[in-house]
Amino acid sequence: MTVHAGVLDALNEEQRWAATYQGGPLLILAGAGTGKTGTLVARAAWLRDQGMQPSRILLLTFTRRAADDMLARAQPPDASPAERIFGGTFHAIAHRIIRAHAEAFALPPEFTVLDPADVADVMDTLRDANGLVGTAAGRRTPRAAICADIYTRCVSTGALLGAVAAASYPWCEPLTAQLAGLFTDYVRYKRRHGLVDFDDLLLMWRAALADEGAGPALRGLYDAVLVDEYQDVNAVQADIVRLLRPDGGGLTCVGDDAQAIYAFRGADPDHLRALRRTYADLAIIRLSRSYRSHQAVLQLANVVRPQSDGLELALTSERGCGQRPLLIRCHDEATQAREICARVLADHEAGVGLQEQAVLVRSAHHSDLLEVELSARGIPYVKYGGLRFTEAAHVKDFIAAARVVANPADDLAWFRLLRLHEGIGPVLARRVIEALMISEPEPFSRWPDAERALPQRSVPAVAGTVRLLADAAGTERTADRAATILAALRAPVQARYADAAARLADLERLADAAAASPSLHDALVQLALDPPVSASDLAGRPRLDDDFLVISTVHSAKGLEWPVVHLPQLVDGAVPSDMALTTQAGLAEEQRLFYVAVTRARDRLYLYAPLRMHHHRMAADDRHSYAQLTRFLDAAALDQCEVTQAAPLRPALTPLGSLAASIDRELQSLWGAG
DNA sequence: GGTAACTGGGTTTTT
DNA sequence: CCCAGTTACC
């Protein structure tokens, strides 16, 4: 008898079958809202109750939140370390292993983890030397961030640079040789400075697992490996899973290839499909009973869902029929914004809280006009996706300062920190850093020499910051260090930003969060691998009782659900995105994205199709017909929807004309003629 | 020489 | 709206 017997009792037959499956490798094909998390948690608990040692069960996820959530549900909160199931994101677990064996990877014990923005910064400094600046070779050159994208795409898919450029960045193809040079320099730079990016974490874990000496020991750590969201693995992660469980024993993968939406960062749903080829004895168990959406919503979802051979799935609802999705044709984007507001308010009147409604968009800027309309009407909302907290300038400043303290040899962090000060540009910053780094171990002690590179008037401010950071580096306790770093940034942040008060408030939270970590280095790693979505995220949701509408990108909405979902911009070019229209694979991904969006709705789904877009006019002659506007709403899909037309917003032109005339008369009277 | 302030062109999604 | 290139100022 176990404490978790209840976990199994709460499952339906297909879920229980999956949770207690006794054979070899298992793929749980879990449709949207079918209780995938509960099933995976139950399987972990069941394995443990079968006598498997909890610390030898490895749970791999893509987000920290998913890992924490599942681990909390799989075991009592007071379980001792030995009784705890081991789990985390691919990157976090890789980091743990590499840190424990840093010297074997030729890394310093406290190596810096570069986040994607850092990668772009490094590439930016190496671009000129590789002929990738300005309009080299008569063509426009990719920005540093694009270079970083191409790099990571090659690494995470294992594809050749030439092929990646041709397929995804055709305008960069003539610069393949320059990019190759840049990437060579980039890797050399990382190795020389003891830096590790996200891709390296996975590459190193994979290399260790494939190593004849280390491999058996590393994979021998676990008896069972459970992988969540397997459709989102990239080539390196798929290799890691294969190397962890070469014969498939003890392997459970959960996923749904129709919900794979991360191709842009190297994921490929073919890895999920390939499991059948890798493991001849793979069992596939389908979870198709949805506890989320009404049947009427699922009928549209089932039509929209792309099916693949051998992995077909159709969802049925456990929640009754419900209302058919409503497609609202709108004259233009302004009408669409007005219409969304009206329906949000109407449902709110009917008792659906704002927080129970979400507007899901393909790309962050698709809600711009809507946000104006919401603000004008005083409807509160929060937006997820788009700009991340750690990408805000002042947060990057803080992280740079913390990195200088944690590792005074981090020239990239120095560069950003110095440039924060008035009057310091790239050239002066470089000179100061050069002076600081002449003798490696103690950059801070060289400050008196280095400050000679600066013009007199900027010395006091910079020296003040540096002195406080040196103090921080000299103290032991993490809390003291965090507080001193914050103190060091006060003056420069005040001087640089107009809205300094709000930014400093953010930094106080950041400093508090860092103070709670065992070390500054841990805080920085945590921040890189698991960035908070917003400042309020750090502070633990202070506004829980405020009611607000949710606006989110479809990507950020993955795994979430709302009673009411609004899907605007259902027009070719927006959904699907025009960036993806040129390739078959891109279009397939957009289709899956639409499937994910539709399946977020529990009770009510509103689809909005504006006839005119901001820049290009679409199908003007079809304004009053039901012709398809997005290829995803074909005849079969429309059959599953109610269709209505929003009343067009018609400005009253004639009165406006007479107003203008009266203004003219008024003006005329000002100069007394008339 | 080096920085800041201005202006014009392109804009997906993010562990 | 953010970044890169240009101009104006110290």
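Residues numbered from 1 in each chain as written. Chains lettered and ligands numbered in written order. Predicted model: local features only at pLDDT ≥ 70, side-chain atom pairs only at ≥ 80, totals over all residues.

Draft legend 1. Spatial organisation of the sheet that holds strand 11 (residues 326–330). Across the sheet, seven strands lie side by side as 13-14-12-15-16-11-17; this open sheet has parallel pairing. With one partner strand each, in any of the chains shown, strand 13 (381–384) and strand 17 (642–645) form the two edges of the open sheet. In this sheet, neighbouring strand axes are inclined to one another by 20° on average, regardless of whether the strands run parallel or antiparallel. Relative to strand 17, strand 11 runs parallel, the two sharing four bridges. Residue L326 lies in a different strand from strand 17, and its bridge partner there is E642. (Pairing = 2+ DSSP bridges. Helix = DSSP H or I, 4+ residues; strand = E, 2+ residues; numbered from the N terminus. Axes fitted to C-alpha atoms, helices over the stretch in contact; angles between N-to-C directions.)

Draft legend 2. Inspection of the environment of A413 at higher detail. The topology assignment puts A413 in helix 18 (residues 411–419). Of the residues examined, A413 has 25 C-beta atoms within 10 Å and is grouped as buried. A413 sits 184 residues away from A597 along the chain, and the two C-alpha atoms are 39 Å apart. Sequence-distant contacts of A413, that is, excluding residues within four places in its chain, are made with A400, R403 and V404. (Buried ≥ 20, exposed ≤ 12 C-beta atoms within 10 Å, placed from the backbone. Contact = placed C-beta atoms within 7 Å.)

Draft legend 3. Here's a closer look at unusual backbone geometry. Backbone geometry at A106 places phi at a positive 60°, although glycine is not the residue there. Position of A106 among the secondary structure elements: in the loop between helix 5 (90–100) and strand 4 (112–114). Its identity is not glycine, yet E229 carries a phi of approximately 50°, on the positive side. In this fold, E229 is placed in the loop between strand 6 (224–227) and helix 12 (235–244).

Draft legend 4. Fine view of the confidence of the model for chain A. Mean pLDDT over chain A works out to 85, with 91% of the residues at or above the 70 mark. Counted against residues more than four places away or in other chains, residues 539–544, with its pLDDT under 50, gives four contacts. Predicted confidence for residues 614–627 stays below pLDDT 50, and this span has 13 contacts to residues more than four positions away or in other chains. (pLDDT = per-residue confidence, 0-100.)

Draft legend 5. Up close: the sheet that holds strand 7 (residues 251–255). Strand order in the open sheet formed by six strands is 3-2-6-7-1-8, and the pairing between neighbours is parallel. Of all strands in the sheet, those with a lone pairing partner are strand 3 (86–89) and strand 8 (283–287), marking the two edges. Between one strand and the next, the sheet's axes are offset by a mean angle of 15°, whatever the strand orientation. Where helix 4 (residues 64–74) meets the sheet, its contacts fall on strand 2 (57–61) and strand 3, and the angle it forms with strand 3 comes to roughly 160°.

Draft legend 6. Summary view of the pairing of strand 7. Burial analysis of strand 7 places five of its five residues in the buried class, which makes it a mostly covered element. Pairing between strand 1 (residues 26–30) and strand 7: four bridges, direction parallel. Along strand 7, the bridge assignment pairs L29 with G255. Bridge analysis of strand 6 against strand 7 gives three bridges, and the strand direction is parallel. What sits directly across from V227, in strand 7, is C253.

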